[in-house]
Amino acid sequence: MHKVIISIGIKLRSPVSISYIYAPASETHQKVIFIKGASDAGLLVGVYIYSQATTTEEAAAEADYLANLADKYRIDLPIVMDYELYNGGRLARAINSGSLGTSGINKNALAFARRGWNRGYETMLYGNYDFLMHYASGYELSKSTNIWLAQYHTQATYKGKYMMWQSTDKAT
């Protein structure tokens, strides 16, 4: 689980650079510095939240949180729900107990997306190949929101539609 603020700068093959700023649920001075610094440096800026939402209400509240940040600062890119499993996390426990399945995961992701759209922001779901193929229905979700695919490989083998592909977790 992320416990610090992370700024991920991604250099694209085109001459455009972007920076996604991790936005934990507390307002911090450092987060503001990262957002303003990336923006001042001419990067396209986006924000994401590491989500463990197990209900549509939680997911919608997370979209509200990111939309509130986007209202205060210049955010150029979609607001992102980073929806992934980690051992012992609330999301993993809900899935393993059977209280949350694919339908519920999709409803949560769509609640995030709808709330973001209602607030005037484009949205995106971040998920790794395994999560999109075996827990969520990435194919279905891509009809309603953008997908940021994380698949650490030399080529994406994911057959669904995606807006962004993250091929490594290493900074280059």
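Above this text sits the structure in question.
Nothing here was measured: the structure is a model prediction, and the numbers come from that model.

A. Broad picture of the overall build of the protein. Helix and strand counts for the protein come out as six helices and seven strands. Going residue by residue from the N terminus, the α and β elements of the protein occur as β-β-α-β-α-β-α-α-β-α-α-β-β. A total of 172 residues make up the protein; the buried ones form 48% of that total. Look at the contacts in the protein between residues 6 or more apart in sequence, and 60% of them connect residues 24 or more apart.

B. Main features of the nonpolar core. The biggest cluster of nonpolar side chains holds 37 residues, and the ones touching the most others in it are L66, M81, Y83, F112 and L125. Going through the elements one at a time, α1 (29–40), β3 (44–51), α2 (56–72), β4 (79–83), α3 (90–97), α4 (102–118), α5 (129–134) and β6 (146–150) are the ones with two or more residues in this core. Looking at which element gives the most residues to this core, the answer is α2, with seven residues. Not counting chain neighbours up to four residues away, the residues in contact with L125 comprise M81, Y83, A109, L132, L141, T145, N146, I147 and W148.

C. Highlighting the pattern of salt bridges. Enumeration according to the criterion identifies six salt bridges in this entry. For R115, the salt bridge identified is with D64, shortest N-O distance 2.5 Å. Linking R115 in helix α4 with D64 in helix α2, this pair joins segments that are 51 residues apart in sequence. A salt bridge links D64 to R119; the nearest nitrogen and oxygen atoms lie 3.1 Å apart. In this pair, D64 is assigned in helix α2 and R119 in the loop between α4 and β5 (123–128), connecting sequence segments 55 residues apart. Overall, the relative accessible area of 27% leaves R119 in the partly exposed class. Counted as one network, the salt bridges with shared partners bring together D64, D71, R115 and R119.

D. Focus on the side chain of N108. Mapping N108 onto the fold places it in helix α4. Side chain to side chain, N108 and Y83 meet in a polar contact 3.0 Å long. Those residues in contact with N108 that sit more than four places away from it in its chain are A53, T54, T55, T56, A59, M81, Y83 and L100.

E. Region of interest: α4. A rise of 1.5 Å per residue sets the reference length of α4, with its 17 residues, at 24 Å; its end C-alpha atoms lie 24 Å apart and thus fit the reference within 8%. Those residues of α4 lying buried are G104, I105, N106, N108, A109, L110, A111, F112, A113 and G116. Downstream of α4 by a residue or two, G120 has a phi angle that is positive, lying close to 95 degrees.

F. How the structure looks around the packing of α2 against α4. Two elements in contact, α2 and α4, have axes separated by 8 Å at closest approach and are oriented at 35 degrees. When you trace α2 past α4, the crossing you get is right-handed. Of α4, the residues touching α2 (which contributes T56, A59, A60, E62, A63, D64 and L66) are K107, N108, A111, F112, R115 and G116. Of the residues contributing to the contact of α2 with α4, the split by class is six nonpolar, three polar and four charged.

G. Region of the structure containing the environment of T157. For T157, the location among the structural elements is in the loop between β6 and β7 (164–166). Linking T157 and Y129, residues 28 residues apart in sequence, is a C-alpha distance of 8.6 Å. Non-local contacts of T157, meaning those with residues more than four positions away in its chain, are made with Y129 and Q151. Of the polar contacts made by the side chain of T157, one reaches the side chain of Q151; its length is 2.5 Å.

H. Up close: the packing of aromatic side chains. Applying the stated criterion across every chain yields a total of seven aromatic pairs. A centroid spacing of 6.1 Å and a plane angle of 40 degrees characterise the contact between Y50 and Y86, whose relative ring orientation is tilted. Of this pair, Y50 sits in strand β3 while Y86 is found in the loop between β4 and α3, placing the two residues 36 residues apart along the sequence. On the basis of relative accessible area, Y50 is assigned to the buried category, the value being 11%.

Definitions and limits used
- Residues numbered from 1 in each chain as written.
- Predicted model: local features only at pLDDT ≥ 70, side-chain atom pairs only at ≥ 80, totals over all residues.
- Heavy atoms only, no water.
- Helix = DSSP H or I, 4+ residues; strand = E, 2+ residues; numbered from the N terminus.
- Buried < 20%, exposed > 50% of the residue type's maximum accessible area, 1.4 Å probe, protein only.
- Contact = heavy atoms within 4.5 Å.
- Core = buried A, V, L, I, M, F, W, Y, C linked by side-chain atoms within 4.5 Å.
- Salt bridge = Lys/Arg side-chain N within 4 Å of Asp/Glu carboxyl O.
- Polar contact = N/O pair within 3.5 Å; in protein donor to acceptor, adjacent residues only side chain to side chain.
- Expected span 1.5 Å × (residues − 1).
- Axes fitted to C-alpha atoms, helices over the stretch in contact; angles between N-to-C directions.
- Left-handed = near helix turned anticlockwise from the far one by under 90°.
- Nonpolar A, V, L, I, M, F, W, Y, C, P; charged D, E, K, R; others polar.
- Phe/Tyr/Trp six-rings, centres within 6.5 Å; stacked < 30°, edge-to-face > 60°.

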